[in-house]
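Below are the chains, spelled out letter by letter.
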Amino acid sequence: MAMMVRRAIWQPDSDVIRCTQCAKEFSYKVYKHHCRKCGLIFCDECTRHKLIVPEEELVLRPRNWMQEAVSSDLDNFRAPQRICDGCAPSLRDLQAGLRATVSRAYMDTLVDLDSKATLVPQADFYLENEIRNATLMCTRMSKTEGEEKIPKEMLDIAKGVVFLTVAKMGFMFTGRYGTGLVISRLPNGTWSAPSAITISGMGWGLQVGAEVTDVMLILSTELAVETFKSRGQVSIGAELGVSAGPYGRSVESDLTAGNKGAAHAFSYAHSQGLYFGASLEACAIGQRKDVNRTFYGERVSASKLLSGEHPIPLGAEPLYKALDLILYEGNVPPEHEEARQRIYRESVAGATGGGGGGGDGSGGRKMGGGEEGGRGLSSFGPKKDIDDDGSDL
Ligand SMILES: [Zn+2]
Ligand SMILES: [Zn+2]
């Protein structure tokens, strides 16, 4: 199987007026897209696959030194790229192996727990930055006192946790925009893989004066977690009731009062001491599917992540650790981390040992049921060959 692999080159845009495959003419409506494996130019329809390309084969976009200085796409080999119909079949069997070896989900996420920096919403597409924010939020909100402190009892009862970093956008209009992640509590008490989210809204109220607010929502009912699994967008107030989280002595009484089975969450906010409470009304939380795909290396639904069907990623380890520290008040049983490490190792072994290099067409699909079993191919129905079919996950 030792074939010489040569990196293709980026076809200059000026070379073509028609799609390499379907010959459709390019225009202001029909955009040009490069396949990141063969480097040729196609229309949107003919390049609808999103697959990870081995680093040595990834076609690099030519850039001048100024573009390089602003951002780099050198790590594009870690995330799925646009691929043409012709190149897609040769890459598909490599996906499970590539996901387990190069994808961001399997990279360590480094967090400086002593950082004093203000957390900011993430405009980029990297879930590891949300994991870093969430980890710092846990650490900071467990150390403060008063209504910003997240009580251990709240994590004990949590069916899920939402972490959001929200900024005021007051330039053209006054709205709010934020990013973050949601995780759920699995039946065995452990946390699920994280799913990326965004929050936006106009009617934020006047209570919040700070520029950036860190918010933790403790999802206190199963129904609250279900809304995140089943909907692309969750509107606060209408679909998810939010009330200010109890603190101090009132934790126990408030818990029983606020837990009547409806989709409900308690909010804890950290914004320079200002009351935040229930002022999330009229905001909506949406999924960031592209961010999940960039991180996990494939399309994966929030439902699959939050139900535990997808194995937890090594990249979220700092967050799991930070949550454990609150739950066990510093005395975390060592077997918790060991159990997670085992899952990380098994995911990688299952993907690389099973069929990373297999050319038999089934090699890449030997992974544990959760990861590959229900993925894409069958569940996407008629568009089964399209890895990025835009289906509403
Ligand atoms: Zn085409
Ligand atoms: Zn191609």
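Because the structure is predicted, anything quoted here is derived from the model rather than measured.

Reading guide: rules and limits
- Residues numbered from 1 in each chain as written.
- Chains lettered and ligands numbered in written order.
- Predicted model: local features only at pLDDT ≥ 70, side-chain atom pairs only at ≥ 80, totals over all residues.
- Heavy atoms only, no water.
- Helix = DSSP H or I, 4+ residues; strand = E, 2+ residues; numbered from the N terminus.
- Contact = heavy atoms within 4.5 Å.
- Areas by Shrake-Rupley, 256 points an atom, 1.4 Å probe, with all protein chains shown as cover.
- Donors = N, O, S within 2.8 Å, 3.2 Å for Na, K, Ca; no water.
- Tetrahedral: all angles 85-135°; square planar, octahedral: opposite > 155°, others 65-115°.
- Buried < 20%, exposed > 50% of the residue type's maximum accessible area, 1.4 Å probe, protein only.
- 1 Å grid on protein atoms, 1.4 Å probe; cavity = no way out; pocket = protein on both sides within 12 Å on 5 of 7 lines; lining within 4 Å.
- Points joined across faces, edges and corners; volume = space filled by probe spheres on them.
- Nonpolar A, V, L, I, M, F, W, Y, C, P; charged D, E, K, R; others polar.
- Domains from an automatic or database assignment.
- Expected span 1.5 Å × (residues − 1).
- Pairing = 2+ DSSP bridges.
- pLDDT = per-residue confidence, 0-100.
- Core = buried A, V, L, I, M, F, W, Y, C linked by side-chain atoms within 4.5 Å.
- Phe/Tyr/Trp six-rings, centres within 6.5 Å; stacked < 30°, edge-to-face > 60°.
- Lys NZ or Arg CZ within 6 Å of the ring centre and 35° of its normal.

**A look at the overall build of the protein**
Okay, so step 1: Regarding its fold elements, the protein presents 12 helices and 12 strands.
Okay, so step 2: Within the protein, contacts between residues at least 6 apart in sequence are counted, and of these 71% link residues at least 24 apart.
Okay, so step 3: In the structure as shown, the protein presents an accessible area of about 18600 Å², 55% of it carried by carbon and sulfur atoms.

**Section: the coordination of the zinc ion (ligand 1)**
Okay, so step 1: Each protein donor to the zinc ion (ligand 1) is listed here as C19 (SG), C22 (SG), C43 (SG) and C46 (SG); together their distances run 2.3 to 2.4 Å.
Okay, so step 2: Here the zinc ion (ligand 1) binds 4 donor atoms, and the angle range of 105 to 117 degrees at the metal identifies the geometry as tetrahedral.
Okay, so step 3: In the primary sequence, the donor residues of the zinc ion (ligand 1) line up as C-x2-C-x20-C-x2-C. The burial state of C43 is the same as that of C46; both residues are buried.

**So, the coordination of the zinc ion (ligand 2)**
Six octahedral donors around a metal ideally make angles of 90 or 180 degrees; four tetrahedral donors ideally make 109.5 degrees.
Okay, so step 1: Taken together, the protein donors to the zinc ion (ligand 2) comprise C35 (SG), C38 (SG), C84 (SG) and C87 (SG), at separations of 2.3 Å.
Okay, so step 2: In this structure, the zinc ion (ligand 2) is surrounded by 4 donor atoms whose angles at the metal cover 102 to 119 degrees, and the resulting shape is tetrahedral.
Okay, so step 3: Judged by its relative accessible area of 11%, C87 falls in the buried class.

**Considerations on the layout of surface pockets**
Okay, so step 1: Space inside the largest pocket adds up to approximately 720 Å³.
Okay, so step 2: The element that contributes the greatest number of residues to the lining of the largest pocket is helix α8 (residues 289-296), accounting for 3 residues.
Okay, so step 3: Residue composition of the lining of the largest pocket, grouped by class: 5 nonpolar, 7 polar and 12 charged.
Okay, so step 4: For the lining of the largest pocket, the domains that each give at least three residues are domain 1 (13-93) and domain 2 (127-311).

**A few points about helix α4 (residues 127-143)**
Okay, so step 1: Over its 17 residues, α4 runs 25 Å from end to end, which matches the ideal 24 Å to within 8%, given 1.5 Å per residue.
Okay, so step 2: The buried count for α4 comes to 14 of 17 residues, which makes it a mostly enclosed element.

**Overview of the pairing of strand β11 (residues 264-270)**
Okay, so step 1: Most of β11 sits inside the fold, with 6 of its 7 residues counted as buried.
Okay, so step 2: Pairing geometry for strand β8 (residues 212-219) and β11, over 6 bridges, is antiparallel. Bridging from a neighbouring strand, L219 pairs with A265 of β11.
Okay, so step 3: In this structure, strand β10 (residues 241-244) lies alongside β11, joined through 4 bridges in parallel fashion. The residue bridging V242 from the neighbouring strand is A265, located in β11.

**Focus: unusual backbone geometry**
Okay, so step 1: Phi at A23 takes a positive value of approximately 65 degrees, unusual for a residue other than glycine.
Okay, so step 2: Along the chain, A23 falls in the segment before β1 (33-34).
Okay, so step 3: Judged by relative accessible area, which is 38%, A23 ranks as partly exposed.
Okay, so step 4: Look at E329: it is not a glycine, yet its phi comes out positive at around 45 degrees.
Okay, so step 5: With respect to the helices and strands, E329 occurs in the loop between α10 (317-327) and α11 (334-355).

**Things to note about the confidence of the model for the protein**
Okay, so step 1: For the protein, the average pLDDT comes to 80, and 76% of its residues sit at 70 or higher.
Okay, so step 2: Within the protein, no element has a lower average pLDDT than helix α12 (residues 369-373), which sits at 35, and none a higher one than strand β2 (residues 41-42), at 97.
Okay, so step 3: This stretch, residues 204-209, has a pLDDT under 50; its non-local contacts, to residues over four places away or in other chains, come to 17 contacts.
Okay, so step 4: Confidence drops under a pLDDT of 50 for residues 272-278, and excluding neighbours within four residues, the segment shows 20 contacts in the predicted structure.

**Some details on the environment of M154**
Okay, so step 1: Structurally, M154 can be placed in helix α5 (residues 152-157).
Okay, so step 2: Residue class for M154 comes out buried when judged on its relative accessible area of 0%.
Okay, so step 3: With 92 residues separating them along the chain, M154 and P246 place their C-alpha atoms 8.6 Å apart.

**A short note on the nonpolar core**
Okay, so step 1: Membership of the largest hydrophobic core comes to 43 residues, with the highest contact counts inside it found for V161, F163, W191, M216 and I218.
Okay, so step 2: Sorting elements by how many residues they give to this core places α4 first, with 7 residues.

**Looking at the packing of aromatic side chains**
Okay, so step 1: Under the defined criterion, the tally for this structure stands at 1 aromatic pair.
Okay, so step 2: Ring centres 4.9 Å apart and planes at 90 degrees place the aromatic pair F295 and Y296 in the edge-to-face group.
Okay, so step 3: Given the relative accessible area of 2%, Y296 is considered buried.
Okay, so step 4: Here the basic side chain of R185 rests over the ring of W191, its NZ or CZ set 4.2 Å away from the ring centre.

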